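Read off the chains here:
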2 protein chains.
Amino acid sequence: MRICIVGCGAVGSLFAANLAQLEDVEVWAFDTSREHVDAINASGLRLSGAGEVLGRLRATTDAQELPACDFGIVATKAMHTEPAIRATAHAFAAGSVATVQNGLGNEQVIAAHVERVIRGTTFPAGKIVEPGHVQWDVKGDTTLGPFDEQPAPFADVELLADACTRAGMPTRAVEDARGPQWRKVIFNASTNPIGALTGLTHGRVCERPDLRALVSGLVNEGKAVAAAQGIELDSDPEVLIDHAAKPEVAYGHKASMLQDVEAHRTTEIDYLNGGIVGFGRQHGVPTPLNEAIWALVKGVEQSWQQ
Amino acid sequence: MRICIVGCGAVGSLFAANLAQLEDVEVWAFDTSREHVDAINASGLRLSGAGEVLGRLRATTDAQELPACDFGIVATKAMHTEPAIRATAHAFAAGSVATVQNGLGNEQVIAAHVERVIRGTTFPAGKIVEPGHVQWDVKGDTTLGPFDEQPAPFADVELLADACTRAGMPTRAVEDARGPQWRKVIFNASTNPIGALTGLTHGRVCERPDLRALVSGLVNEGKAVAAAQGIELDSDPEVLIDHAAKPEVAYGHKASMLQDVEAHRTTEIDYLNGGIVGFGRQHGVPTPLNEAIWALVKGVEQSWQQ
């Protein structure tokens, strides 16, 4: 089986290096970072932290080099989905492509370029330490399911989930993967931008009753939009939020969006709160708080252009 | 007539220096800045910009030095009202005290210390250039009216308004001064924190349809809270907002709250959005957007303590 990781950043690297451990899987990686690609080809892709792994795989910045693949796993930031899948789509003419990205709408973008699409959500996290070396911060589960509008065959979903699980990335294949996806989106959309706008860590946000109430207001809008689509969340995002606020979990964690804002990098807000607002409009569910937060973070991004 | 300016910052100085031009008015100023007080006593209080004025008056940092006054004009930042009026109240035992401050609730705080209170709103603005010297940026009207819960006699309100007007600060005495006050509060609460949270000038905020919609959402909540109290706004805050966004008016203006945030100074958010939320709760009017914005700015203030 040949699998190509599209976007071999932190999360993509966790899949790439682990899958490369399997004898029956050939792993390719497509990434735009010349340094990262060169390091991977020269010395392999190394993970350290939650697991020590060295993966041997072929990496490239040139999509034309990719052979035909059975599977793609798209792991770019949401705003890079379109160019990434446009460049690589030819490799998946006979394959199925999964997204394990943050946010809403990635499946639709992928489906414009390839035929068989898999909706996915993943909880493992890490960060690139240096080219060819990723720190694996958090282990966690992945869920995959056929994308309803343009589904991959369920047998393919099971095949990919099985490979990931055997590689050390526990993955479930389910008929409807929207529950975990919306739980994660609601979690991210309700906490990430609050950290980004205030400069507070997740724990400090949750300690302030006024901000915690705002978080719940955002969660409730997200739940209403999910419910209007018949999506059953696999668990309550509020539980995840309170759990993450514990000192031993992620009290001092700076939301990735806060890190983006501090570095003046475009955030994923369009695919988080923007996604919730978009689906809310489609289904007649008002989302004024998500709209407000979306607008504020877009304003912050614009201020960097002044 | 003896008038004491309580809090002789930018706005207080506009009243102090102009009133000091009148032969029938003796002006005192109470302020906590030793440098500013010393400069005023040594060389007078100078205004430049929209008007060139040199006012001779007595300034002090020691409230015990204040003689009995006919009027007080409180012009501190809203969070300093309580200590300022507590320190100076003895001087107004037989007088009336007006507030020309930003925000809601200042009258209540003053009324806890003095008997006769005047509600006021003022539009002139400036900034302190150096001790004893204030730049007068914008001329504008002032409105005064008896504070309903603990009113000054209307004749007193007229007397003070007349003195201000003769001094070059056009001032109306009205029975109900809540209309202009709420218009200004709604304007400030709907625009100031958006600039503070995004880093954008007023004009840039108004150019973005998403942020402009958020501003209108905040305005609408404020209008609903005003209406629930039977307050008739003297004009639509939306008009003021669009007017201020014009290039020749205040397109490039950094909201004072943005200046506060950049300098890590406590903002007036509790008395703006916090005030609207408080009156909203009293009158059963939901104000979710003002609550969200209030919480976010409080979070920003807290982040400076990390």
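Just so you know, these numbers come straight off a predicted model, no measurement behind them. (Residues numbered from 1 in each chain as written. Chains lettered and ligands numbered in written order. Predicted model: local features only at pLDDT ≥ 70, side-chain atom pairs only at ≥ 80, totals over all residues. Heavy atoms only, no water.)

Asker: Please clarify how the sheet that holds strand β8 (residues 116-122) of chain A should be interpreted in this entry.
Answerer: Each strand in a sheet pairs with its neighbour through backbone hydrogen bonds, running either in the same direction (parallel) or in the opposite one (antiparallel). Residues and elements named next belong to chain A. Pairing is mixed across the open sheet formed by eight strands, whose spatial order is β5-β2-β1-β6-β7-β8-β11-β12. On the outer flanks of this sheet lie β5 (58-60) and β12 (171-173), each paired with one strand and no other. Between one strand and the next, the sheet's axes are offset by a mean angle of 20°, whatever the strand orientation. Strands β1 (2-6), β2 (26-30), β6 (71-74) and β7 (96-99) of the sheet are contacted by helix α3 (residues 81-88), whose axis makes an angle of about 125° with β2. (Pairing = 2+ DSSP bridges. Helix = DSSP H or I, 4+ residues; strand = E, 2+ residues; numbered from the N terminus. Axes fitted to C-alpha atoms, helices over the stretch in contact; angles between N-to-C directions. Contact = heavy atoms within 4.5 Å.)

Asker: Teacher, can you tell me more about the domain arrangement of chain A here?
Answerer: Interfaces are often sized by the amount of accessible area the parts lose when they come together. Residues and elements named next belong to chain A. We note that the domain assignment places domain 1 (2-173) and domain 2 (178-303) within chain A. With centres defined by C-alpha atoms, the gap from domain 1 to domain 2 works out at 25 Å. Counting from both sides, the interface comprises 15 residues of domain 1 and, opposite them, 18 residues of domain 2. Across the interface of domain 1 and domain 2, roughly 1,600 Å² is buried in total on both sides, 57% from carbon and sulfur atoms. Across the pair K77 and D260 runs a salt bridge whose closest N-O atoms are separated by 3.5 Å. (Domains from an automatic or database assignment. Buried area = accessible area lost by both parts, 1.4 Å probe. Salt bridge = Lys/Arg side-chain N within 4 Å of Asp/Glu carboxyl O.)

Asker: What am I meant to see in the interface of chain A and chain B here?
Answerer: Of the residues lining the interface, 23 residues belong to chain A; the matching set on chain B comes to 23 residues. Summing the contributions of chain A and of chain B, the shared interface buries around 2,100 Å²; its carbon and sulfur component is 60%. There are zero salt bridges connecting chain A and chain B. Remark: the boundary between chain A and chain B carries four residue pairs in polar contact (both at pLDDT 80 or more). Of all the secondary structure elements, the ones that give two or more residues to the side of chain A that touches chain B are α6 (178-198), α8 (209-228) and α12 (288-303) of chain A. Here the side of chain A that touches chain B gets 11 residues from one element, more than from any other, and that element is α12 of chain A. Taken together, the residues of the side of chain A that touches chain B break down into 12 nonpolar, seven polar and four charged. (Polar contact = N/O pair within 3.5 Å; in protein donor to acceptor, adjacent residues only side chain to side chain. Nonpolar A, V, L, I, M, F, W, Y, C, P; charged D, E, K, R; others polar.)

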